[in-house]
Amino acid sequence: MKLHLAVLAGDGIGPEIMAQGLAVVDAIAKKFGHDVTYREALCGAHAIDVVGNPFPEETYRICCDADAVLFAAVGDPRYDNDPTSPVRPEQGLLAMRKGLGLFANIRPVQTFKCLVHKSPLKDEIVSGADFICIRELTGGMYFGEKYQDNDKAYDTNYYTRPEVERILRVGFDYARRRNHHLTVVDKANILASSRLWRQIAKEMEPLYPDVRVDYMFVDNASMRMIAEPTFFDVMVTENTFGDILTDEGSCISGSMGLLPSASLGEGTPLFEPVHGSWPQATGKNIANPLAQILSVAMLFEHFGLNAEGSLIRRAVDASLDANVRTPEIQVEGGAFYGTKEVGQWIVEWIANN
């Protein structure tokens, strides 16, 4: 198969973990006989420094011309600590989602048996947790009308029926592929936008008679994720709630460095780890590349290359079982493996299996 990828390494640890992700892409392409090419492009703070725009027009064109985008991370403390900055790295991420029409963010949350003890939650609570968070990605407060002066500010949580219907369809479809259980998360007791979500979900529910649907306020859902994560199968929610809940999900697996994601919609699909740019770790060879590598698995699976994705997942499992892990998930007294060493071990495992 021929695949052409746009590669956006971004900021902080992004280039380091991207290098390992691409090494896995190359290893899979060699083993299965695929022709995979890629072109790198600027984004985030790096792009601001070079051209003054976190998502330059050239980067947009490169993404549009690709079969898929492999993305790492954006973010820089220079902008985090300056709320008055007129341009920010994260604006590039929002522009990319909007420009490519990526309205559905798919974030699997799962546990690894050998890492259950790394979760801050009790083993008996998180063991067996395996669900998918589906977050609407191009609407809500992130894109609604905004205003700020020295005395007041507002963000408009704006949604239309077509926006809600299309993301709910994604939720129902994923539930059908899994255990036929969908949880719609909202705040319908308070917010008008949430009442529209719930109204539309109830209208659509009869179209999916094989899917069990329950409705949960976001505050209750956030508690339920911690108290009983095994309750969930597929969760669907709006942009802001989804951003918060999916990060909360990292507590279940024990590290944000283990969670991949896909952003799908009208244009070029995008695959990325859920963690940020972790600028404090830049250049130290300690960042966990597994979320980036698992994002590569999701990329191959998106194109129906399930054997390739499965091999990557088995390689990741093998590395964890062999205690080939970056410091934040390494066992006490275990050997040091940095970003590069973990990536190289996985590449070699793929070549030999």
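Residues numbered from 1 in each chain as written. Predicted model: local features only at pLDDT ≥ 70, side-chain atom pairs only at ≥ 80, totals over all residues. Heavy atoms only, no water.

With that out of the way, let us pick up the overall build of the protein. Regarding its fold elements, the protein presents 14 helices and 12 strands. Taking 20 Å as the expected radius of gyration for a compact globule of 353 residues, we find that the protein reaches 20 Å, a close match to that expectation. Across its three principal axes, the protein shows a C-alpha extent of roughly 55 × 50 × 40 Å. Here the protein, with 353 residues, has 54% of them falling under the buried criterion. The long-range fraction of contacts in the protein, counting pairs at least 24 apart against all pairs at least 6 apart in sequence, stands at 75%. Only carbon and sulfur atoms are counted for the fraction: they give 52% of the accessible area of the protein, which is about 15100 Å². Across the protein, the centroid of the 33 positively charged side chains sits 3 Å from that of the 47 negatively charged ones. (Helix = DSSP H or I, 4+ residues; strand = E, 2+ residues; numbered from the N terminus. Rg over C-alpha atoms; globule rule 2.2 N^0.38 Å. Buried < 20%, exposed > 50% of the residue type's maximum accessible area, 1.4 Å probe, protein only. Contact = heavy atoms within 4.5 Å. Areas by Shrake-Rupley, 256 points an atom, 1.4 Å probe, with all protein chains shown as cover. Lys, Arg positive; Asp, Glu negative; His and termini not counted. Charge placed at Lys NZ, Arg CZ, Asp CG, Glu CD.)

With that settled, consider the sheet that holds strand β8 (residues 181–186). One open sheet holds the 10 strands; their spatial order is β2-β1-β3-β12-β11-β4-β5-β10-β8-β9, and the pairing between them is mixed. Of all the strands in the sheet, just β2 (35–40) and β9 (212–217) have a single pairing partner and so form its edges. Here the average twist between neighbouring strands, direction ignored, is 25°. Alignment of strand β3 (residues 68–73) against strand β12 (residues 270–273), held across 2 bridges, turns out to be parallel. Directly across from Val-69, in β12, lies its bridge partner Leu-270. The strands that helix α1 (residues 14–32) touches are β1 (2–10), β2, β3 and β12; relative to β1, the one it contacts most, it runs at about 165°. Where helix α3 (residues 57–65) meets the sheet, it contacts β1, β2 and β3, and its direction lies at approximately 150° from that of β1. (Pairing = 2+ DSSP bridges. Axes fitted to C-alpha atoms, helices over the stretch in contact; angles between N-to-C directions.)

Another aspect to go through is helix α12 (residues 290–302). When the terminal C-alpha atoms of α12 are compared, their 18 Å separation across 13 residues agrees well with the 18 Å that a helix rising 1.5 Å per residue should span. Counting buried residues in α12 gives 11 out of 13 residues, a clear majority hidden from the surface. Buried within α12 are the following residues: Leu-290, Ala-291, Gln-292, Ile-293, Leu-294, Ser-295, Val-296, Ala-297, Met-298, Leu-299 and Phe-300. (Expected span 1.5 Å × (residues − 1).)

Here the focus is helix α9 (residues 218–227). For α9, the set of buried residues is Val-218, Ala-221 and Met-225. Looking straight down α9, one finds its buried side chains confined to an arc of 50°; they lie on one side. More than 90 degrees from the buried face of α9, the exposed residues found are Met-223 and Ala-227. On its buried face, α9 is in contact with β5 (130–136), β8, β9, β10 (234–237), α10 (239–248) and α11 (250–253). (Arc of directions from axis to C-beta.)

Let us look at unusual backbone geometry. In the Ramachandran plot, Asn-285 falls in the positive-phi region, its phi being about 60° despite a non-glycine side chain. Here Asn-285 lies in the loop between β12 and α12. Taking the relative accessible area as the measure of exposure, Asn-285 reaches 16% and is therefore buried. Non-glycine residue Asn-323 carries a positive phi angle of around 60°. For Asn-323, the location among the structural elements is in the loop between α13 (306–321) and α14 (339–352). When its relative accessible area of 28% is taken as the criterion, Asn-323 is described as partly exposed.

Examined bridge by bridge, β1 and β2 share 6 bridges and lie parallel to one another. Counted as the bridge partner of Val-7 is Glu-40 from β2. In the classification by handedness, the crossover that spans β1, the intervening α1 and the parallel β2 is right-handed. (Right-handed = clockwise from strand over helix to strand, strands pointing away.)

It is worth spelling out the packing of α9 against α10 at this point. Close contact between α9 and α10 brings their axes to 10 Å; oriented N to C, the two are set at 10°. Viewed along their axes, α9 and α10 adopt a mutual orientation that is roughly parallel. Of the residues in α10, those in contact with Val-218, Ser-222, Met-225 and Ile-226 of α9 are Phe-241, Leu-245 and Glu-248. When its residues are assigned to classes, the contact of α9 with α10 shows 5 nonpolar, 1 polar and 1 charged. (Parallel < 35°, antiparallel > 145°, perpendicular 65-115°, else oblique. Nonpolar A, V, L, I, M, F, W, Y, C, P; charged D, E, K, R; others polar.)

The tally for this structure, following the rule as stated, stands at 18 salt bridges. In this structure, Asp-243 and Arg-135 form a salt bridge, with 3.8 Å as the shortest nitrogen-oxygen distance. Note that Asp-243 is positioned in helix α10 and Arg-135 in strand β5, a separation of 108 residues in sequence. Overall, Arg-135 belongs to the buried group, its relative accessible area being 2%. Between Glu-301 and Arg-313 there is a salt bridge, with the nearest N and O atoms lying 2.9 Å from each other. Of this pair, Glu-301 sits in helix α12 while Arg-313 sits in helix α13, and the two are 12 residues apart along the sequence. The class for Glu-301 is partly exposed, based on a relative accessible area of 24%. According to the relative accessible area criterion, Arg-313 is partly exposed, its value standing at 26%. Within the structure, one salt-bridge network assembled from shared partners comprises Asp-49, Asp-76 and Arg-78. (Salt bridge = Lys/Arg side-chain N within 4 Å of Asp/Glu carboxyl O.)

With that settled, the discussion passes to the pairing of β10. Judged by which residues are buried, β10 turns out to be covered on both faces: Val-234 and Val-236 on one side and Met-235 and Thr-237 on the other are all buried. Across 4 bridges, β5 lies against β10 in parallel orientation. The residue of β10 that forms the bridge with Cys-133 is Met-235. One ladder, built from 3 bridges, connects β8 with β10; its direction is parallel.

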